[in-house]
Amino acid sequence: MEAKGLRLSVAEIAAQVGYANQSKFAKVFREKDGVTPLEYRRTVHLGAFHLPHGAL
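Residues numbered from 1 in each chain as written. Predicted model: local features only at pLDDT ≥ 70, side-chain atom pairs only at ≥ 80, totals over all residues. Heavy atoms only, no water.

With that settled, the discussion passes to the overall build of the chain. For the chain, the count of helices and strands is three helices and two strands. In sequence order, the chain lays out its α and β elements as β-β-α-α-α. Taken across its 56 residues, the chain has 20% of its residues classed as buried. Expressed as a percentage of contacts within the chain between residues at least 6 apart in sequence, the contacts between residues at least 24 apart total 21%. If you sum the accessible surface of the chain, you get close to 4400 Å²; carbon and sulfur atoms cover 57% of it. (Helix = DSSP H or I, 4+ residues; strand = E, 2+ residues; numbered from the N terminus. Buried < 20%, exposed > 50% of the residue type's maximum accessible area, 1.4 Å probe, protein only. Contact = heavy atoms within 4.5 Å. Areas by Shrake-Rupley, 256 points an atom, 1.4 Å probe, with all protein chains shown as cover.)

With that out of the way, let us pick up the nonpolar core. Judged by nonpolar contacts, Leu8, Val10, Ile13, Ala14, Phe25, Phe29 and Val35 together constitute the single largest core of seven residues. Residue assignment for this core shows that the elements contributing at least two residues are helix H1 (10–16) and helix H2 (22–33). Ranked by residues supplied to this core, first place goes to H1 with three residues. (Core = buried A, V, L, I, M, F, W, Y, C linked by side-chain atoms within 4.5 Å.)

What follows deals with H2. One turn of an α-helix holds 3.6 residues; hence residues three or four places apart share an orientation. When the terminal C-alpha atoms of H2 are compared, their 16 Å separation across 12 residues agrees well with the 16 Å that a helix rising 1.5 Å per residue should span. Those residues of H2 that fall on the buried side of the exposure criterion are Phe25, Phe29 and Asp33. On an axial view of H2, the arc spanned by its buried residues comes to 40°, and they lie on one face. Of the exposed residues in H2, the ones pointing more than 90 degrees away from its buried face are Ser23 and Glu31. (Expected span 1.5 Å × (residues − 1). Arc of directions from axis to C-beta.)

The subject of this paragraph is the pattern of salt bridges. As a working rule, side chains carrying opposite charge can pair if their charged atoms are close by. All told, the structure shown has one salt bridge when counted by the stated rule. Between arginine 30 and glutamate 39 there is a salt bridge whose closest N-O contact spans 3.8 Å. Arginine 30 sits in the partly exposed class, given a relative accessible area of 44%. (Salt bridge = Lys/Arg side-chain N within 4 Å of Asp/Glu carboxyl O.)

Moving on: the confidence of the model for the chain. For the chain, per-residue confidence averages 80 on the pLDDT scale, and 68% of positions sit at 70 or higher. For the chain, strand S1 (residues 2–3) is the element with the lowest average pLDDT, namely 48, and H2 is the one with the highest, namely 94. For residues 1–5, every residue scores under 50 in pLDDT, and the model assigns this stretch six contacts once sequence neighbours within four places are set aside. (pLDDT = per-residue confidence, 0-100.)

The structure is reproduced here in structure tokens:
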């Protein structure tokens, strides 16, 4: 997640969306989106990732 040059860690994002445990957040993220938060960040940053329709 990046906003105006601010790059939050996965732990910070997890906490902001209500997860006290980063591992649980990553597990739920992967189950829903098919990739881990870090994999998503890398592929989005490279412009190579496209979520399936309705995935979010």
